[in-house]
2 protein chains.
Amino acid sequence: MQRYFVQADKWTEYKVSLNGDDFHHVVNVMRMVVGDIILCSHPDGMTAKCKIQHIGTETVNAKIIEWIADSAELPIKVSIAQGLPKGDKWEYILQKATELGASELIAFQGDRSVVKWDEKKVIKKRPRWEKIVKEASEQAHRNKIPTVSGVWTFDSLLERSVHYDCKFFAYEEEVRDRQSKKLHDYFSNINQGASILICIGPEGGFSEQEATLLKKSSFQPVRFGPRILRTETAPLYALSSLSYYFEEMR
Amino acid sequence: MQRYFVQADKWTEYKVSLNGDDFHHVVNVMRMVVGDIILCSHPDGMTAKCKIQHIGTETVNAKIIEWIADSAELPIKVSIAQGLPKGDKWEYILQKATELGASELIAFQGDRSVVKWDEKKVIKKRPRWEKIVKEASEQAHRNKIPTVSGVWTFDSLLERSVHYDCKFFAYEEEVRDRQSKKLHDYFSNINQGASILICIGPEGGFSEQEATLLKKSSFQPVRFGPRILRTETAPLYALSSLSYYFEEMR
């Protein structure tokens with residue numbers, strides 16, 4: 001069943017109205033007609049099964065039939081902080097990390113980030129990023145759309161990291177060190193509902209100075225398996241293994 | 001340390017010689033000189049630390065200093081059979097699945113595969129596919145390069161599946177069914193060293209007929225978390241969660 005994320009002010013107690021891109025998608029892409037059933041998700045994470053009652057020139061009105069309980073959200077809040085990568089990798093990470101259940105996606109300017117993005121570029125790009133995570137959430141049948149944060153400096157990443165329950169960073173040294181603690185030793189100490197910040201360096205990884213500062217800010221260095229992963233692959237391993245531990249083992 | 005995969009006939013008891021792309025990479029890309037150290041992996045999976053002794057016009061000779069024990073290979077053999085996807089997704093899957101430890105990568109023609117590839121196209125594409133998995137293996141510091149199989153028909157996939165110890169297929173119905181068995185219930189019954197075949201449908205998933213035939217051929221339907229993943233995301237979840245269970249929990 002097609003799912004739409006509808007902003008709060010489009011809901012009444014009995015019905016929901018869709019317009020803009022969603023109107024276009026219902027009418028022109030899905031070619032739906034009165035009587036068809038859709039899923040509508042409220043920003044609070046609740047989802048209702050709705051029946052299309054009226055299709056106007058700019059608005060589709062649908063009647064709420066029942067609220068459904070199912071949730072496709074991870075039982076933990078996972079934020080991915082990604083060192084700004086090259087090319088279109090950031091958009092790729094936004095899509096894949098959303099499919100895999102991330103709650104928040106943060107890009108930060110790493111010492112070894114080849115690209116530099118100023119505020120102007122971020123403002124220009126944001127609508128596209130929002131569109132990517134909205135569409136990925138819809139196709140993954142998620143109940144919530146992840147937040148996309150602008151590009152942070154490394155310092156502000158450290159400052160804001162105090163607000164998370166558990167903090168990790170992907171560190172190549174951990175892969176080399178065969179004696180290093182295993183990922184499960186960390187995951188098994190995370191409680192349901194915890195907020196987790198996973199920090200991944202850009203293509204060149206973290207500088208020694210960054211690694212030192214992360215450790216000082218009580219980020220724990222982890223490896224994502226014994227292989228060296230590309231920067232855009234590491235967040236997918238992190239989210240998949242967290243899903244396995246929290247959703248497929250319990 | 002830079003790693004090169006060197007074919008068997010380039011090895012003697014004491015030295016190894018590199019030419020072609022590897023020669024170019026050592027001399028022109030890495031700008032290495034006599035005395036520099038490289039890692040050379042033998043097709044059998046063993047890796048040796050080698051010192052460059054002589055750089056000719058077409059060949060680099062390196063002396064074997066020591067064989068190193070470390071292995072970055074999964075303790076199980078994972079084969080991914082992917083329903084032929086659209087665009088360049090197959091190449092993307094080849095790269096990412098290699099990073100994540102796959103042993104074999106198979107494309108098959110699914111009922112819902114939009115694209116159709118004939119033998120001619122496969123022969124033309126193969127060198128590029130081989131290059132992608134070789135480079136991904138090198139950057140991931142793997143000891144082995146995965147096999148890339150040509151495009152199989154669905155029937156030959158079923159026939160050849162008898163050679164694998166455990167067989168799974170990603171089935172959307174399993175995501176919808178909240179009562180379905182969890183992935184861990186299956187993974188925890190897999191023995192070290194087992195060969196596992198994971199079958200993933202193209203964009204439209206499996207047809208009902210394909211799902212019936214897969215079950216008849218004792219493939220077990222599984223979900224990769226409670227979200228609906230795109231065809232190119234499912235193999236990454238499968239490999240990451242297998243790595244978590246077999247490499248990060250034990």
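Above this text is the structure in question.
What you see is a predicted model, and the numbers here were worked out from it, not measured in a lab. (Residues numbered from 1 in each chain as written. Chains lettered and ligands numbered in written order. Predicted model: local features only at pLDDT ≥ 70, side-chain atom pairs only at ≥ 80, totals over all residues. Heavy atoms only, no water.)

Caption draft 1: The packing of aromatic side chains, seen in detail. Across all of its chains, the model carries 28 aromatic pairs over all chains by this definition. The ring of tryptophan 152 of chain A carries the charged tip of arginine 160 of chain A above its face, separated from the ring centre by 4.0 Å. (Phe/Tyr/Trp six-rings, centres within 6.5 Å; stacked < 30°, edge-to-face > 60°. Lys NZ or Arg CZ within 6 Å of the ring centre and 35° of its normal.)

Caption draft 2: The nonpolar core, seen in detail. Of all hydrophobic cores here, the largest spans 88 residues; its most connected members are Ile190, Ile198 and Phe224 of chain A together with Ile190, Ile198 and Phe224 of chain B. Among residues more than four places away in sequence, those in contact with isoleucine 198 of chain A are Val78, Ser79, Ile80, Ala81, Phe168, Phe224, Ala238 and Leu242 of chain A. (Core = buried A, V, L, I, M, F, W, Y, C linked by side-chain atoms within 4.5 Å. Buried < 20%, exposed > 50% of the residue type's maximum accessible area, 1.4 Å probe, protein only. Contact = heavy atoms within 4.5 Å.)

Caption draft 3: View of the side chain of glutamate 73 of chain A. Summarising the element assignment, glutamate 73 of chain A is placed in the loop between β5 (59-68) and β6 (77-83). Within the structure, glutamate 73 of chain A has its side chain in polar contact with the side chain of arginine 142 of chain A (distance 2.7 Å). In this structure the side chain of glutamate 73 of chain A is engaged in a polar contact, spanning 3.2 Å, whose partner is the backbone nitrogen of lysine 144 of chain A. What glutamate 73 of chain A contacts, discounting residues up to four positions off in sequence, is Arg142, Asn143, Lys144 and Glu247 of chain A together with Arg227 of chain B. (Helix = DSSP H or I, 4+ residues; strand = E, 2+ residues; numbered from the N terminus. Polar contact = N/O pair within 3.5 Å; in protein donor to acceptor, adjacent residues only side chain to side chain.)

Caption draft 4: The arrangement of the interface of chain A and chain B in detail. Between chain A and chain B, the contact holds 41 residues from the first and 41 residues from the second. Summing both sides of the interface, chain A and chain B together bury roughly 3700 Å²; the carbon and sulfur share of this comes to 48%. Interface area lost by chain A to chain B is led by Arg227, Tyr244 and Glu248 of chain A, which between them contribute 22%. In this structure, the connection of chain A to chain B is made through eight salt bridges. Across the pair glutamate 232 of chain B and lysine 96 of chain A runs a salt bridge whose closest N-O atoms are separated by 3.0 Å. Counting across the chain A and chain B interface gives 33 residue pairs in polar contact (both at pLDDT 80 or more). Elements supplying a minimum of two residues to the side of chain A that touches chain B: α2 (89-99), α3 (119-139), α6 (183-187) and α8 (234-248) of chain A. For the side of chain A that touches chain B, the leading source of residues is α8 of chain A, giving nine residues. Of the residues in the side of chain A that touches chain B, the class split is 16 nonpolar, 11 polar and 14 charged. (Buried area = accessible area lost by both parts, 1.4 Å probe. Salt bridge = Lys/Arg side-chain N within 4 Å of Asp/Glu carboxyl O. Nonpolar A, V, L, I, M, F, W, Y, C, P; charged D, E, K, R; others polar.)

Caption draft 5: Molecular detail of the environment of phenylalanine 108 of chain A. Residue and element names in this part refer to chain A. Its place among the elements puts phenylalanine 108 in strand β7 (residues 104-109). Residue phenylalanine 108 is classed as buried on the basis of its relative accessible area, which comes to 0%. Residues phenylalanine 108 and glycine 83, spaced 25 residues apart in sequence, show a C-alpha to C-alpha distance of 4.9 Å.

Caption draft 6: Highlighting the pairing of strand β3 (residues 37-41) of chain B. Residues and elements named next belong to chain B. Among the five residues that make up β3, four are buried, leaving the element largely enclosed by the rest of the structure. Where β3 lies against strand β4 (residues 47-55), five bridges are found, and the strand directions are antiparallel. Its bridge partner lying in β4, isoleucine 37 is registered against lysine 51. The loop that links β3 with its antiparallel partner β4 comprises five residues; one of these, glycine 45, has a positive phi angle of about 105 degrees. (Pairing = 2+ DSSP bridges.)

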